[in-house]
Every structure is written in C-alpha cells, then in structure tokens.
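An overview of the molecular structure
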Amino acid sequence: MSVTKEFAVKIDTELSSLHDKRWTVTSKILDAEDSIRFYAKHYPNRVEEIKNKIAELKEQYAKIQAEIKKLDAIYDQDPWTRAFLVINSNGHVHSSMDCNTCFPTTRYNWLVQYSNDDENTIVEDAGQDACTICYPSAPAEVLNRPSRIVTADKIAKAQAKAERDAKREAKIAKEKANAPTKSGEFLYFKEGRYTQSINTERSAVSKWFELQWRIKEKVTTHYYDGTAHSAESIIEQEQKIARSKEIADIICQNLAEKHGVSFDQQLKILEDKYKKRGNR
C-alpha cells in the first residue's frame, strides 16, 4: 500500500502515546516489586496487596503491548521513515529505537511530525543532533549546524523562559516606576558607617519625614548633669544635622526631577504632607 503522511503521523502518534503509557506502567511495576521486600519485613500484612497491585499493572502492560503489536504490524507491512530524539540534554536524533549507541532504558521523544518525511529533510532539521550511525551519509556542513527541530519539551521550556523574562521585566518596570528618581534608579547615601538605599518614592518621602526631626534638633553644649560637651562632640552633632539636611535635599531634588517640578515646589509638597501628619 502507499502510505500517506497523514496516515503515518496518525499511527505514530498513537504508538508514541502507547510507548509513554508502557514506560509509566513498567516503572510502577518495578517500584512495586522493589517494595515487596520492605513490606515483607515491616508490614507483612500488606504483601498480598502489593502482589495484587503488580498483577493488575502487568495486565495493563499486556493490553498496552497488544495494542503496540497491532500498530507495529501495520508499520511492518510498508515501513516509513521515522525520527526519534533521545530525551536528555545532549540527545541525538535517530531513525529508529534500535540504534546500537542507545540502551534498552533509553527514552525517546517520538518526532511524529517527521513521520514519512524524506530522510534529507530530517537530517537537515536535526543538524548537529543527527546520529551519524543512523544517518551515515549526512553532509558535514549539516552536522555542524544547530538543530532546527522543535519539540513539545522545547516549546514548553521556551514558554517558561518567556514567562520568567516577562515577570522579571514587569518587576523591573514596576521598580523603576516606583523608584524615587527620574531614571528609575535607587538612591544610595551614607549615614555614619553604613550605606543605605531608598528603593521607592514612598520610602523616600518617609525618609524625608524622618530627617526633619534630626534637622530640627538643636546642638547641645552640656549633658543633663551640667557637664560640658567636648568640642569634638559639638562638631559631631553639627555634622549630623548638616548631613541630615543634605540627604533631605537630595531626596527632594530627585523627587522634583521625577515629577518635573522645581525644588521649591517639591519642597512645598513635602512640607504640606509633613504638616498633615501632625509633625509640627
């Protein structure tokens, strides 16, 4: 019979699904068989339950295998080209699942989109991923090209990366929009031995409010008991007040630039907000 592309894709799609189901059932059987020894030692009353489970799984396996056998028989009547991508980070594309470079445990991504395609088409798209044992005549220039094959796994990874990138870009955009500067950058300033950062306009306003208390502080020349402060202590107090005024002005200037107003206009806005909070 003359096999059509549509027919080959249909059969191979069904077979791909059956192979996945068989692999899942096989894994469950092996896990259950491995667990019998544990249950026999610690929970002997559950051994029979596990044996029944294994029996059920083997029945499922037999049914799947019978379906695979039927479809394999159709393929054997008039074989068509196929392509299989080994599932791992460096997986190659093979023309069958019988390549001697693979193992019985090797898992494949059945590339049904290439079923009944010309071998040259498969090799051209596989590029450097083409198995040189399965495709010995593949041109060297093709084998040096990156693969153009797109699998569901690659699509899922690309979509996941795009989502991560979009979330990261949205986060950066939000940070820039909320930042206390026109450029979207954070404000950094040094207070004493520590460098502090102001990441949002809201925190910048809060910091400006906090600094007003320091700016209004008066330099004290004596302790509570009447003992005079040293000259160094008085200078240090004056420097802290001056530094607080400097930082407050930096905040005001950056907010003014962000909102396109003058320094004096922004200062008035901050002072009005400060007064509304009852900070007189």
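Read on for a plain summary of the structure.

What counts and how
All residue numbers refer to positions counted from 1 along the written sequence of the respective chain. In view of the model being predicted, local features appear only for residues whose pLDDT reaches at least 70, and side-chain atom pairs are presented and counted only at 80 or more, with totals across whole chains, interfaces and linings using the full set of residues. With hydrogens and water excluded, all non-hydrogen atoms of the structure serve as input to the side-chain values. Secondary structure follows DSSP: runs of H or I at least 4 residues long count as helices, runs of E at least 2 residues long count as strands, and numbering of each begins at the N terminus. The span one expects for a helix is its residue count, reduced by one, times 1.5 Å. Note on classification: 1.4 Å probe, protein chains only; a residue is buried when its accessible area is under 20% of the maximum for its type, exposed when over 50%, partly exposed between these limits. By construction, the arc corresponds to the directions joining the helix axis to the C-beta atoms. We call two residues in contact when some of their heavy atoms are within 4.5 Å. Here, a salt bridge means any Lys or Arg side-chain nitrogen found within 4 Å of an Asp or Glu carboxyl oxygen. Aromatic pairs are defined between Phe, Tyr and Trp rings, using the six-membered ring for Trp, whenever the two ring centres lie within 6.5 Å; interplanar angles under 30 degrees are classed as stacked, those over 60 as edge-to-face, and all others as tilted. Think of each axis as a best-fit line through the C-alpha atoms, taken over the contacting stretch in the case of a helix, with angles from 0 to 180 degrees between the N-to-C directions. If an angle is under 35 degrees, it is roughly parallel; if it is over 145, roughly antiparallel; if it lies from 65 to 115, roughly perpendicular; otherwise it is oblique. Here a crossing is taken to be left-handed if its near helix is turned anticlockwise relative to the far helix by less than a right angle, and right-handed if that turn runs clockwise. Ten residue types, Ala, Val, Leu, Ile, Met, Phe, Trp, Tyr, Cys and Pro, are classed as nonpolar, four, Asp, Glu, Lys and Arg, as charged, and the remainder, Gly among them, as polar. Two strands qualify as a pair provided that DSSP identifies no fewer than 2 bridges between them.

Description of helix α8 (residues 263–276)
With 14 residues, α8 extends 20 Å from end C-alpha to end C-alpha; this agrees with the ideal 20 Å at 1.5 Å per step. Turning to α8, its buried residues are Gln266, Leu270 and Tyr274. Summarising the axial view, the buried residues of α8 lie within an arc of 80 degrees, below the 170-degree limit, and thus occupy one face. With respect to the buried face of α8, the exposed residues turned more than 90 degrees away are Asp264 and Lys276. On its buried face, α8 is in contact with α6 (201–215) and α7 (231–259).

Some remarks on the environment of isoleucine 87
Positionally, isoleucine 87 belongs in the loop between β1 (84–86) and β2 (93–94). Along the primary structure isoleucine 87 and alanine 204 are separated by 117 residues, whereas in three dimensions their C-alpha atoms are 52 Å apart.

Topic: the pattern of salt bridges
Enumeration over the complete set of coordinates arrives at 19 salt bridges. Here lysine 58 and glutamate 33 are joined by a salt bridge, their closest N and O atoms 3.6 Å apart. Highlighted residues: lysine 58 in helix α2 (residues 47–77) and glutamate 33 in helix α1 (residues 5–42), separated in sequence by 25 residues. For glutamate 33, a relative accessible area of 35% puts it in the partly exposed group. Arginine 168 is paired through a salt bridge with aspartate 165; the nearest N and O atoms lie 2.5 Å apart. Of this pair, arginine 168 and aspartate 165 both sit in helix α5 (residues 152–178), 3 residues apart, which is roughly one turn of that helix. Taken together, the salt bridges that share partners define one network made up of Glu124, Asp125, Arg145 and Arg148.

Remarks on the packing of aromatic side chains
Applying the stated criterion to the full structure yields 10 aromatic pairs. A centroid spacing of 6.1 Å and a plane angle of 80 degrees characterise the contact between phenylalanine 7 and tryptophan 80, whose relative ring orientation is edge-to-face. With phenylalanine 7 in helix α1 and tryptophan 80 in the loop between α2 and β1, this residue pair connects regions lying 73 residues apart in the sequence. Ring geometry for tryptophan 208 and tyrosine 274: centres 6.0 Å apart, planes at 90 degrees, overall edge-to-face. Here tryptophan 208 is found in helix α6, whereas its partner tyrosine 274 is found in helix α8, with 66 residues between them in sequence.

Quick word on the packing of α1 against α2
It is at 9 Å that the axes of α1 and α2 come closest, and there the two elements cross at 160 degrees. Accordingly, the angle class assigned to the pair α1 and α2 is roughly antiparallel. You can see that α1 and α2 cross each other, and the crossing is left-handed. Of the residues belonging to the contact of α1 with α2, the class tally is 19 nonpolar, 5 polar and 9 charged.

Some points on the pairing of strand β5 (residues 194–198)
Looking at chain direction, strand β4 (residues 187–191) and β5 are connected through 5 bridges and run antiparallel. In the strand pairing of β5, tyrosine 188 is matched with serine 197. What sits between β4 and β5 in their antiparallel hairpin is a turn of 2 residues, with glycine 192 showing a positive phi close to 70 degrees.

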